[in-house]
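Here's the letter readout for the chains.
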Amino acid sequence: MRIVVTGGAGDLGSRVVREVVARGHQAVPASRRTGVDLTTGEGLEAVLAGAAAVVHCADDTSRGDTVTVYGTRRLADAAAEHGVHLVHISIVGIDEHPLAYYRRKLRAEQGIEDAGGAASVLRATQFHSLAAFFARKLSAGPITVTIGDMALQPVDTDFVATRLADLALGARPTAYARATDVAGPDVLTVREVATLLRAHRGASAPKVVRLPPVGGLLKAFAERRNVPFPGDADTGGQAFADWLALQPQRLSGR
Ligand SMILES: NC(=O)c1ccc[n+]([C@@H]2O[C@H](COP(=O)([O-])OP(=O)(O)OC[C@H]3O[C@@H](n4cnc5c(N)ncnc54)[C@H](OP(=O)(O)O)[C@@H]3O)[C@@H](O)[C@H]2O)c1
């Protein structure tokens, strides 16, 4: 099968490409570096021709609605027109979350549904690299700030890529369909993530300052809206601690 992967050179997309190829199918990375731009539609028709599915991993969080909402809708319209199954990656817990990016991801899902083609939407929790990034952002020296009972259920990016490949290569839905959410095996508080990160660098446990959840955004995180209810998500993949053990001592980026 010919499977197009938008953002096929990105963190998630490159893993989907590898997984599709490992299963003996053709994976076609599609992003600006291969001549496909979701903000203009350049190269889109050509790359979708003859594809069974397109796995949508392209995004640009720095450009507001441009790629996340409008680029996704442009892709969904083109996929529907060409009869290509669209497999989209989204985020767990975005239904009632005030974070601007999560609002956009929800609108992206709505745009896919409105486009009317065959589509599978998979929501995942934060990838391990993002959980580490969050905990680092919430830390300064030995101090880590947590908001209420904020926690994460971080997931192995390869586990998510495997699920996306399953959807792209599996039975095609007749219309818009949500797949079962995916999450990692452990729910970890910010304190636990920060403690693991510091231990990884040979440092002692952090001193944790617990802030009250003031305002809608902090309340949403304190209420753990980003964590699936037990039993609601398929869990699996490498645990955060096992992922961390394979990382360099000094983490960088996301
Ligand atoms: N990180 C997480 O914890 C997490 C959790 C759940 C879901 N997700 C979702 O996973 C998806 C992928 O995340 P990621 O971290 O793998 O992203 P990434 O590494 O930043 O890759 C995104 C790719 O999108 C491409 N792109 C950007 N603008 C484009 C445009 N205008 N047209 C075509 N392609 C464009 C870029 O390639 P070019 O530069 O070549 O265009 C880039 O390689 C996102 O939708 C995100 O919401 C992430």
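Everything discussed here concerns the structure shown above.
What counts, and where the lines are drawn
Residues numbered from 1 in each chain as written. Predicted model: local features only at pLDDT ≥ 70, side-chain atom pairs only at ≥ 80, totals over all residues. Heavy atoms only, no water. Helix = DSSP H or I, 4+ residues; strand = E, 2+ residues; numbered from the N terminus. Rg over C-alpha atoms; globule rule 2.2 N^0.38 Å. Buried < 20%, exposed > 50% of the residue type's maximum accessible area, 1.4 Å probe, protein only. Contact = heavy atoms within 4.5 Å. Areas by Shrake-Rupley, 256 points an atom, 1.4 Å probe, with all protein chains shown as cover. Near = heavy atom within 4 Å. Polar contact = N/O pair within 3.5 Å; in protein donor to acceptor, adjacent residues only side chain to side chain. Nonpolar A, V, L, I, M, F, W, Y, C, P; charged D, E, K, R; others polar. 1 Å grid on protein atoms, 1.4 Å probe; cavity = no way out; pocket = protein on both sides within 12 Å on 5 of 7 lines; lining within 4 Å. Points joined across faces, edges and corners; volume = space filled by probe spheres on them. Core = buried A, V, L, I, M, F, W, Y, C linked by side-chain atoms within 4.5 Å. Pairing = 2+ DSSP bridges. Right-handed = clockwise from strand over helix to strand, strands pointing away.

Caption draft 1: Up close: the overall build of the protein. Helix and strand content of the protein: 9 helices and 13 strands. The C-alpha radius of gyration of the protein comes to 19 Å, within 12% of the 18 Å expected for a compact globule of 254 residues. By its C-alpha atoms, the protein is 55 × 35 × 35 Å across when sized along the principal axes. Here the protein holds 254 residues, and 48% of them are scored as buried. Once local pairs closer than 6 in sequence are excluded, the contacts in the protein between residues at least 24 apart make up 81%. Accessible surface, the protein: about 11,400 Å² in total, of which carbon and sulfur atoms supply 52%.

Caption draft 2: The arrangement of the side chain of Arg-198 in detail. Here Arg-198 shows up in helix H7 (residues 190–200). With sequence-adjacent residues up to four places away left out, Arg-198 is seen in contact with Gly-141, Pro-142, Ala-203, Ser-204, Ala-205 and Pro-206.

Caption draft 3: How the structure looks around the site of the ligand. Taken together, 25 residues are adjacent to the ligand, and Ser-31, Arg-32, Arg-33, Tyr-101 and Phe-127 come closest. Here Gly-10 contributes a backbone N or O atom positioned 3.5 Å from an oxygen atom of the ligand. Side-chain polar atom of Arg-33 to an oxygen atom of the ligand: 2.7 Å apart, as the coordinates give it. Bound to the protein, the ligand loses 85% of the 910 Å² it would expose on its own. Every element with two or more residues in the shell around the ligand is listed here: helix H1 (11–22), strand S4 (85–91) and helix H4 (100–115). At 3 residues, the largest contribution of residues to the shell around the ligand is made by S4. Residue classes in the shell around the ligand are distributed as 12 nonpolar, 7 polar and 6 charged.

Caption draft 4: Examining the layout of surface pockets more closely. Counted as a void, the second largest pocket has a volume near 200 Å³. Contributing to the lining of the second largest pocket are 13 residues, with Val-92, Gly-93, Arg-225, Val-227 and Phe-229 lying nearest its centre. Across the lining of the second largest pocket, the residue classes tally to 4 nonpolar, 1 polar and 8 charged.

Caption draft 5: A look at the nonpolar core. The biggest cluster of nonpolar side chains holds 25 residues, and the ones touching the most others in it are Ile-3, Leu-12, Val-16, Val-55, Val-160 and Leu-164. Contributing elements (two or more residues each) for this core: strand S1 (2–6), H1, strand S3 (53–56), S4, strand S5 (119–124) and helix H6 (157–169). For this core, the leading source of residues is H6, giving 7 residues. Beyond its immediate chain neighbours, meaning those up to four positions away, Leu-12 contacts Cys-57, Ile-89, Phe-127, Thr-157, Val-160, Ala-161 and Leu-164. Of all hydrophobic cores here, the second largest spans 20 residues; its members include Val-47, Ala-76, Val-84 and Leu-86.

Caption draft 6: Inspection of the pairing of S4 at higher detail. The element S4 is extensively covered by neighbouring structure, given that 7 of its 7 residues are classed as buried. In S4, alternate side chains face the same way, and those of His-85, Val-87, Ile-89 and Ile-91 on one face and Leu-86, His-88 and Ser-90 on the other are all buried. Alignment of S3 against S4, held across 4 bridges, turns out to be parallel. Bridge pairing in S4 links Ala-53 to His-85. The handedness of the S3 to S4 crossover, carried by helix H3 (residues 65–82), is right-handed.

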